[in-house]
Amino acid sequence: MQVHKSIFALVALTVIFSCTRRNVSSTVGSTSQVESRIESILSQMTLAEKIGQMNQVSAGGDVNNYVDALRKGQIGSILNEVDPVKINEFQRLAVEESRLGIPLLVSRDVIHGFHTIFPIPLGLAATFDPALTEEGARVAAIEATAQGIRWTFSPMLDIARDPRWGRIAEGSGEDPYLDARMAEAMVHGYQGRTADSTSMAACIKHFVGYGAAEGGRDYNSTFLTERQLRNIYLPPFEAAVKAGAMTLMTSFNDNDGVPSTGNTFVVKDVLRDEWGFDGLVVTDWNSMGEMINHGFGVDRKDVAQKAVNAGVDMDMMTFGFVSHLEELVKSGAVKEKTIDNAVRNILRVKILLGLFENPYINVEAAKAVQYAPEHLASARKTVEESVILLKNDGILPLNGTPRILVTGPLANAPHDQLGTWAFDGEKSHTVTPLKTLQERFPGRVEYVPGLTFSREKRSGFADVVAAAKRADVVLVFLGEEAILSGEAHSLADLNLKGSQSELLAALKTAGKPIVATVIAGRPLTIERDLPNVDAMLYSFHPGTMGGPALANLIFGDVNPSGKAPITFLRTVGQAPLYYAHNMTGRPYNGETLLDDIPAEAGQTSLGNTSYYLDYGAYPLFPFGYGLSYTTFAYSCIGLDKDTYKADDTISISFTLSNTGAYDGTEVVQVYIRDLVGSITRPVKELKAFERINLKSGESRTLTIQIPVQELAFTGLDGIKKVEPGEFRLWVAGDSASGTPVSFTII
Ligand code: NOJ
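Residues numbered from 1 in each chain as written. Predicted model: local features only at pLDDT ≥ 70, side-chain atom pairs only at ≥ 80, totals over all residues. Heavy atoms only, no water.

Engineer: I'd like a rundown of the domain arrangement of the chain, residues and numbers included.
Structural biologist: For the chain, the domain assignment lists domain 1 (374–554), domain 2 (578–618) and domain 3 (632–745). The C-alpha centroid of domain 3 is placed 29 Å from the C-alpha centroid of domain 2. With five residues of domain 2 at the contact, the number on the domain 3 side is ten residues. Between domain 2 and domain 3 lies a buried interface of about 610 Å² when both sides are counted; carbon and sulfur atoms form 56% of it. (Domains from an automatic or database assignment. Contact = heavy atoms within 4.5 Å. Buried area = accessible area lost by both parts, 1.4 Å probe.)

Engineer: Could you give an account of the sheet that holds strand β13 (residues 280–282), with specific residues and numbers?
Structural biologist: What the three strands build is an open sheet, ordered β9-β10-β13; its pairing is parallel. Two strands close off the open sheet at either side, each with one partner strand: β9 (203–207) and β13. Strand after strand, the sheet turns through a mean of 25° between neighbouring axes, direction not considered. On top of the sheet, helix α9 (residues 235–242) reaches β9 and β10 (247–250); it is set at about 160° to β9, its chief contact. (Pairing = 2+ DSSP bridges. Helix = DSSP H or I, 4+ residues; strand = E, 2+ residues; numbered from the N terminus. Axes fitted to C-alpha atoms, helices over the stretch in contact; angles between N-to-C directions.)

Engineer: Account for the side chain of Asp-162, naming residues and giving values.
Structural biologist: By secondary structure assignment, the location of Asp-162 is in the loop between β8 (151–152) and α7 (176–191). Judged by its relative accessible area of 7%, Asp-162 falls in the buried class. Among the polar contacts listed, one links the side chain of Asp-162 to the side chain of Arg-164, at a separation of 2.6 Å. What Asp-162 contacts, discounting residues up to four positions off in sequence, is Ile-168, Gly-215, Gly-216 and Ala-575. (Buried < 20%, exposed > 50% of the residue type's maximum accessible area, 1.4 Å probe, protein only. Polar contact = N/O pair within 3.5 Å; in protein donor to acceptor, adjacent residues only side chain to side chain.)

Engineer: Account for the pairing of strand β24 (residues 664–674), naming residues and giving values.
Structural biologist: Along β24, eleven of the eleven residues are buried, which leaves the element largely enclosed by surrounding structure. Taking every second residue as pointing to the same face, both faces of β24 are buried, with Gly-664, Glu-666, Val-668, Val-670, Ile-672 and Asp-674 on one and Thr-665, Val-667, Gln-669, Tyr-671 and Arg-673 on the other. Across nine bridges, the pairing between β24 and strand β25 (residues 685–694) is antiparallel. Within β25, the residue paired with Val-668 across the bridge is Glu-690. Note that β24 and strand β29 (residues 725–732) share six bridges and pair antiparallel. Across the sheet, Val-670 pairs through a bridge with Val-731, a residue of β29.

Engineer: Just give me the short version of empty space enclosed by the protein, but keep the residues and values in it.
Structural biologist: Per the stated rule, a full pass over the model turns up three cavities of 30 Å³ or more. Gln-53, Gly-73, Ser-98, Leu-100 and Ile-102 are, among the 13 residues lining the largest cavity, the residues nearest its centre. Residues that form the lining of the largest cavity fall into these classes: seven nonpolar, four polar and two charged. In this structure, the second largest cavity is lined by Ile-111, His-112, Gly-113, Phe-118, Leu-124, Thr-133, Gly-136, Ala-137, Ala-140, Met-186 and Tyr-190. Listed by contribution, the elements that provide at least two residues to the lining of the second largest cavity are α6 (130–146) and α7. Each residue belonging to the lining of the second largest cavity can be placed in one class, and the counts come to seven nonpolar, four polar and no charged. (1 Å grid on protein atoms, 1.4 Å probe; cavity = no way out; pocket = protein on both sides within 12 Å on 5 of 7 lines; lining within 4 Å. Points joined across faces, edges and corners; volume = space filled by probe spheres on them. Nonpolar A, V, L, I, M, F, W, Y, C, P; charged D, E, K, R; others polar.)

Engineer: Explain the site of the ligand to me, and be specific about the residues and the numbers.
Structural biologist: Surrounding the ligand, one finds Asp-109, Phe-153, Arg-167, Lys-205, His-206, Met-249, Phe-252, Asp-284, Trp-285, Met-316, Trp-421 and Glu-487. Asp-109 has a polar side-chain atom sitting 2.4 Å from an oxygen atom of the ligand. A distance of 2.7 Å is found between an oxygen atom of the ligand and a side-chain nitrogen or oxygen belonging to His-206. Bound to the protein, the ligand loses 95% of the 290 Å² it would expose on its own. Of the residues belonging to the shell around the ligand, the class tally is six nonpolar, one polar and five charged. (Near = heavy atom within 4 Å. Areas by Shrake-Rupley, 256 points an atom, 1.4 Å probe, with all protein chains shown as cover.)

Engineer: Describe the environment of Gly-725, with residues and values.
Structural biologist: Inspection of the secondary structure puts Gly-725 in strand β29. Overall, Gly-725 belongs to the partly exposed group, its relative accessible area being 23%. Here Gly-725 is in contact with Phe-743, Thr-744 and Ile-745, once residues within four sequence places are set aside.

Engineer: Can you tell me about the sheet that holds strand β7 (residues 105–108), naming the residues and giving the values?
Structural biologist: Pairing between sheet strands relies on hydrogen bonds along the backbone, with the strands arranged either parallel or antiparallel. What the five strands build is an open sheet, ordered β8-β7-β6-β5-β14; its pairing is parallel. Strand pairing shows two members of the sheet lacking a second neighbour, β8 and β14 (315–316), which therefore form its edges. Where strand β6 (residues 77–79) and β7 come together, three bridges link them in parallel fashion. Counted as the bridge partner of Ile-78 is Val-106 from β7.

Engineer: Which residues make up the side chain of Lys-684, and what are the values?
Structural biologist: Secondary-structure assignment places Lys-684 in the loop between β24 and β25. A polar contact is formed between the side chain of Lys-684 and the backbone oxygen of Ser-735, at a distance of 2.9 Å.

Engineer: Please provide a residue-by-residue account of helix α10 (residues 264–274), values included.
Structural biologist: Taken together, the buried positions of α10 are Val-266, Val-267, Val-270, Leu-271 and Arg-272. The arc that holds every buried residue of α10, seen down its axis, measures 165°, which confines them to one face. Capping of α10 at its N-terminal end is provided by Asn-263; its side-chain oxygen lies 3.0 Å from the backbone amide nitrogen of Phe-265. Looking one or two places after α10, you find Gly-276, whose phi comes out positive at around 70°. (Arc of directions from axis to C-beta.)

Engineer: Describe the layout of surface pockets, naming the residues involved and giving the relevant values.
Structural biologist: There is about 800 Å³ of room inside the second largest pocket. Taken together, 29 residues line the second largest pocket, and the ones lying closest to its centre are Tyr-579, His-581, Ala-617, Tyr-618 and Val-683. Here the lining of the second largest pocket gathers at least three residues from each of two domains, domain 2 (578–618) and domain 3 (632–745).

Engineer: Outline the confidence of the model for the chain, listing residues and values.
Structural biologist: Per-residue confidence for the chain gives a mean pLDDT of 95, with 96% of residues at or over 70. In this model, residues 1–21 is a region of pLDDT below 50 whose contacts with residues beyond four sequence positions or in other chains number 56 contacts. (pLDDT = per-residue confidence, 0-100.)

Engineer: Could you give an account of the packing of helix α18 (residues 462–470) against helix α19 (residues 500–508), naming the residues involved and the relevant values?
Structural biologist: Running from N to C, α18 and α19 point in directions that differ by 40°, and their axes come no closer than 9 Å. One element, α18, and the other, α19, form an angle in the oblique class. As α18 packs across α19, the resulting crossing turns out to be right-handed. Facing α18, whose interface residues are Val-464, Val-465 and Ala-468, α19 presents Leu-503, Ala-506 and Leu-507. The residue inventory of the contact of α18 with α19, partitioned by class, reads six nonpolar, no polar and no charged. (Parallel < 35°, antiparallel > 145°, perpendicular 65-115°, else oblique. Left-handed = near helix turned anticlockwise from the far one by under 90°.)

Engineer: I'd love a proper account of the environment of Asp-614, names of residues and values included.
Structural biologist: Here Asp-614 lies in the loop between α20 (546–554) and β21 (632–639). Looking at Asp-614, the relative accessible area reads 44%, which means it is partly exposed. Expressed as a C-alpha distance, the spacing of Asp-614 and Ile-706, which sit 92 residues apart in the sequence, is 40 Å.

Structure representation (structure tokens):
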């Protein structure tokens with residue numbers, strides 16, 4: 001049994017969360033029974049049948065297309081079929097009409113919910129609540145497995161530090177520690193703490209570095225050094241492997257010239273040999289074939305050889321394995337034992353999921369669990385914890401029953417509030433802010449959309465301004481639609497699109513309080529819009545239950561507690577800007593900004609430090625930032641010792657006080673800085689966090705424990721270890737606050 005490296009405990013109560021190795025259904029037997037069962041099946045398979053297991057195809061809705069291939073055992077997995085009747089038929093052909101009766105792995109991108117859609121993963125990360133995130137993944141698994149889907153291509157663990165990249169929506173943001181905790185939570189949620197027929201294999205993706213695409217342009221090259229990989233991009237994957245993730249997907253990008261799907265170093269050396277991963281490695285969609293586009297292989301045969309020899313087990317939609325592996329084995333270019341290992345990894349997942357015992361699903365029962373009331377309640381609670389309060393001039397929370405103007409392109413956008421990768425979420429089930437408010441305040445809500453969609457350009461908002469004048473308060477919902485983030489949807493400009501900023505400016509002329517809610521797939525650059533609103537909530541696409549949750553937050557039934565899992569930029573030109581950057585030799589020191597530079601200023605008169613003349617050195621909102629309706633104060637921060645050894649645990653105590661008028665939840669964050677290393681170190685690194693509920697006026701003394709080993713990193717000698725020396729440590733409500741305490745490691 002593994003133990004989480006950071007342990008957070010209330011004074012008297014020590015809570016230790018445990019990471020389990022992969023769960024094994026009680027019906028499938030012990031590890032050795034599973035392994036001997038694999039060997040027994042393998043020994044009966046022809047080479048063609050083995051290669052068939054390594055082939056994954058998109059079902060495309062028509063079972064008839066695949067009858068022959070299924071009977072011949074040429075398909076190991078299908079994706080993109082969600083009709084339970086058809087899934088049963090696919091399984092029947094594999095189980096009852098193929099020679100060995102090996103069931104199919106039926107897969108789908110169940111990314112943030114199946115039917116009940118939760119916030120996009122960036123929104124899940126904003127909760128800083130792994131337990132609730134696990135619950136959401138469990139809900140997704142219950143709904144999806146009921147329809148026969150036993151493998152999801154989630155969680156996405158790509159660290160993303162450039163919000164131009166559209167897929168930033170699909171991950172946990174910029175920080176490896178937060179990403180790792182969310183990764184473990186999702187793996188446990190999908191697969192279940194105790195494996196049963198609701199267990200869905202998780203697929204950690206995209207391995208690796210995909211989020212570092214140059215310029216935030218999707219599919220672009222990355223140039224990550226081995227040290228960056230080991231210190232930033234690999235740790236979330238390693239944590240997920242330790243948590244028992246059953247499968248992993250290789251990424252589209254080439255890193256320093258080597259496409260991931262043919263990258264022996266990351267797949268074989270690191271994943272297989274160092275981490276001992278015995279799960280299934282699948283390519284991304286045609287990422288094997290795309291190695292030809294990369295110029296890394298001459299044809300499908302060549303890239304199939306490179307992928308399988310790098311350690312890939314299953315080919316998603318290149319058809320390179322089914323077409324060429326047999327001849328590659330016969331020519332000796334690929335060893336049969338490589339194929340055998342791949343098939344073992346595939347069979348292992350099928351056995352552990354109990355698919356041999358229970359390949360079919362009950363179609364009628366499947367309907368009953370979709371959108372179950374407890375699933376909707378869990379989704380609503382997740383949105384409530386995920387929304388970030390960025391500004392509040394005192395207007396929020398609203399109370400009473402004011403006359404409300406509801407406006408903006410996202411106020412009633414049932415499809416768009418679901419966000420990217422919500423294939424199975426149906427907009428007919430979405431509850432929008434408008435719908436909620438109309439139901440909650442009958443006769444008190446006037447709706448004038450102003451803009452029908454975010455990109456609409458319009459001049460003059462006389463109708464909206466007139467309506468604002470008739471209201472007591474304006475609730476404006478704006479941002480970006482689902483289509484503007486996600487795969488292949490990068491943006492070079494992150495300001496509000498269309499005439500949304502003009503809408504806000506026009507609304508301000510009405511002189512009524514304005515509460516803006518931005519609904520988006522990434523942190524947009526909203527600096528210029530903030531002065532036009534009295535309060536701003538930021539909701540990463542919230543999913544099915546966005547409306548009720550947002551209303552609960554705006555009217556104070558729930559106090560906001562979400563925190564930024566990603567730095568909010570002032571302007572896109574600052575990208576990438578993230579809190580855990582290394583210190584430069586010339587850190588910013590408050591030098592002159594553009595408007596204050598005198599004419600004919602001498603070249604060196606401004607000082608020479610690291611900043612932009614026009615935008616300085618700081619973001620709009622730092623990582624970890626988020627307001628509450630109450631206020632929190634930290635005091636009496638102290639450590640149990642001044643000096644620690646490598647195998648010690650640091651015990652940090654502090655008092656947290658709710659100093660405001662509302663009960664609330666604070667996400668306590670602990671950051672450290674290693675002052676001197678064999679390589680330069682980040683100025684701050686998150687090492688622990690926890691959500692703490694406090695009543696108004698309540699104070700509590702708390703203890704956080706961080707094993708010194710959590711401070712290990714891969715240094716100049718390439719070995720991961722804790723380097724002795726001086727450290728600083730902050731306990732604070734975001735990455736830019738707090739007063740540090742010092743300690744030394746000997
Ligand atoms: C491509 C995407 O990159 C990946 O995330 C997804 O899981 C597969 N397509 C399957 O849809």
